[in-house]
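Residue-level listing of the chains:
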Amino acid sequence: MSHYVIDLRSDTVSQPTAEMRQAMFVADVGDDVYGEDPTVNALEQKTAKLFEKEAGLFVPSGTMGNLLACMVHCHQRGSEAIVGDLSHVFLYEQGSAAHIAGIQLATIPNKADGTFCLEAMRRKVRLEDDHEPITSLVVVENTHNICGGKVIPLEWLDKLAALVNGDKQLQPYGKRIALHMDGARVFNAAAALQVPVARIARDFDSVNICLSKGLSAPVGSVLVGSEAFIRQARRLRKALGGGMRQAGILAAAGIVALDTIVPRLQEDHQRTLRIAEAIHKAKSPNVTVDLATVQTNILLIHLPNAKFGATAFAERCSKVTPEELAAGVHAAHKEQGIKLEVSSRDWEFARIVLYHQISDADVDLVIKKFNYIIREVDARLAA
Ligand SMILES: *Cc1c(COP(=O)(O)O)cnc(C)c1O
């Protein structure tokens, strides 16, 4: 019998809900490259309104949304964009800003809370000097994925905006540096802070949001910004091969995601915290979490013992042993056994991510299995 799988590798594995599938089935569509898909237009307008921006653009992926933002804000040749060294744009988009758009990325070390030092950023900005590239953009990721789903504090965002808006020295060639937010999970940030997304996005020239992460839609992102910005991004989307035709089929699910999943994101956060608290309570020296850092739907599990690192932990989670079956860890699934999929990009940290399809009952099972593995490993490593 195949195992009951609880897949916590990423919220990208979330599935469209029944309501989304129904909306997709009945969606009114047209050719979106001609601007004639009513459902795409509705999604773009709805998202722009939520963020209090002038316009929106439906794109196939977050990677394309971020690249388009870089291309529009850094359209002048010889431009440079400042990004965090643990940002998705820098680590996981193939350096597309460089290899497709010819933009140089300058990194600043990300702090544990997902921010970076604003003084270091100020010093990174190039002055008007013919030797140097032109600093044209700063990208902020919110929530910050690699830092563990961290919510960027509003006060920090406000300080960043004050810096680029207020300091004349930071306006090389008389141009204000643009601000883009990689808001793949910005609705999680808004849920955690209990503020509207528009407040978080207030001082940003553009924001890209992912529909296909914790929002559970099958495909797509929406980029928002001014009319002029979106007009340029729309042109360039076509060049990148992102001009989709009857894309309303996909956009329909996105509209349902905004209406039905966004209001429930706190539930994912509560479940994530419940798992974190259970690991904390087990008081293992080998499997730990820092409760103070659990803010949204991402949990970093620390595996400080080199004899049982993140890869070993992930492998163990995905196995079902006869001993654990006998110990009754699997409750109602005792015939088939439960397999947990977790990710381990790093030696010392495993990552789990929660999303709409992970229920309270699943969380109970996850906790049981984690507790069992923790006891097993602690006993083995103590021996
Ligand atoms: C997933 C993700 C993206 C890119 O989205 P895709 O749709 O997978 O291309 C960008 N930024 C962050 C922080 C992400 O987590």
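For clarity, every value in this text was computed on a predicted model and none was experimentally measured.

Student: It is not clear to me how the pattern of salt bridges should be interpreted in this structure. Could you clarify?
Tutor: Two side chains that carry opposite charge are able to pair once their charged atoms sit near each other. Scanning the model with the defined rule gives 23 salt bridges in all. Notably, a salt bridge pairs E324 with K369, separated by 2.9 Å at the nearest N-O pair. Of this pair, E324 sits in helix α14 (residues 322-326) while K369 is found in helix α15 (residues 360-382), placing the two residues 45 residues apart along the sequence. Take E324 and K369: they sit in the same class, and that class is buried. What emerges from the salt-bridge pattern is a single network uniting R264, E267, R271, R274, D360 and D364.

Student: Whenever I open this one, the packing of aromatic side chains confuses me. Can you help?
Tutor: The geometry of two aromatic rings is summed up by the distance between their centres and the angle between their planes. For the structure on display, the rule yields 4 aromatic pairs. Residues F51 and F187 carry aromatic rings whose centres are separated by 5.6 Å and whose planes lie at 75° to one another, so their mutual orientation is edge-to-face. Within this pair, whereas F51 is found in the loop between α2 (38-50) and β2 (55-59), its partner F187 is found in helix α8 (residues 186-193), the two being separated by 136 residues in sequence. Like F187, F51 is buried. Residues F313 and F370 carry aromatic rings whose centres are separated by 5.5 Å and whose planes lie at 40° to one another, so their mutual orientation is tilted. Of this pair, F313 sits in helix α13 (residues 310-317) while F370 sits in helix α15, placing them 57 residues apart in sequence. We note that F313, like F370, is buried. Ring-pair connections join several aromatic residues into one group, and the members of that group are F308, F313 and F370.

Student: Could you clarify how one ought to interpret the state of the cysteines in this entry?
Tutor: By definition, a disulfide links the sulfur atoms of two cysteines through a covalent bond. A full pass over the atoms with the stated rule returns 0 disulfides. Counting only cysteine sulfurs, C74 is the nearest neighbor of C70, a cysteine outside any disulfide, at a range of 5.9 Å. Here C147 is not disulfide-linked; the sulfur of C117 is the nearest cysteine sulfur, at 15 Å.

Student: Sorry, what's going on with the UniProt feature "modified residue: N6-(pyridoxal phosphate)lysine" (unreviewed entry) in the chain here?
Tutor: Under the local residue numbering, the UniProt record ascribes the feature "modified residue: N6-(pyridoxal phosphate)lysine" (unreviewed entry) to K213. Looking at where K213 falls in the secondary structure, it is placed in the loop between β7 (206-210) and β8 (221-225). K213 gets classed as buried once you look at its relative accessible area, which sits at 14%. For K213, the contacting residues outside a window of four places in its chain are D11, T12, S14, A184 and R185.

Student: What exactly am I supposed to notice about the sheet that holds strand β4 (residues 104-108) here?
Tutor: Remark on secondary structure: sheet strands pair via backbone hydrogen bonds, oriented parallel or antiparallel. Strands sit in the order β2-β8-β7-β6-β5-β3-β4 across an open sheet of 7 strands; the sheet is mixed. Taken across any chain shown, the strands that pair with only one partner, and hence form the sheet edges, are β2 and β4. When the angles between neighbouring strand axes are averaged without regard to direction, this sheet yields 20°. Here 5 bridges tie β2 to β8, and the two strands are oriented antiparallel to one another. Note that in β8 the partner of G56 across the bridge is V224. The sheet contacts of α2 involve β2, β7 and β8, and relative to β2 the element is tilted by about 125°.

Student: Which parts of the structure should I look at to understand helix α1 (residues 18-26)?
Tutor: Because each turn of an α-helix spans 3.6 residues, side chains separated by three or four positions end up pointing in the same direction. Those residues of α1 lying buried are M20, A23 and M24. Taken down its axis, α1 places every buried residue within 100° of arc, on the same side. Exposed side chains of α1 directed beyond 90 degrees from the buried face belong to A18, F25 and V26. Buried-residue contacts for α1 involve α11 (248-261).

Student: Sorry if this is basic, but what is going on with the side chain of E324 here?
Tutor: When its relative accessible area of 0% is taken as the criterion, E324 is described as buried. Among all residues touching E324, those that are not within four sequence positions of it are R316, K319, V329, H330, I338, K369 and Y372.

Definitions and limits used
- Residues numbered from 1 in each chain as written.
- Predicted model: local features only at pLDDT ≥ 70, side-chain atom pairs only at ≥ 80, totals over all residues.
- Heavy atoms only, no water.
- Salt bridge = Lys/Arg side-chain N within 4 Å of Asp/Glu carboxyl O.
- Helix = DSSP H or I, 4+ residues; strand = E, 2+ residues; numbered from the N terminus.
- Buried < 20%, exposed > 50% of the residue type's maximum accessible area, 1.4 Å probe, protein only.
- Phe/Tyr/Trp six-rings, centres within 6.5 Å; stacked < 30°, edge-to-face > 60°.
- Disulfide = S-S within 2.5 Å.
- UniProt positions renumbered as here; feature names shortened; annotations may be inferred.
- Contact = heavy atoms within 4.5 Å.
- Pairing = 2+ DSSP bridges.
- Axes fitted to C-alpha atoms, helices over the stretch in contact; angles between N-to-C directions.
- Arc of directions from axis to C-beta.

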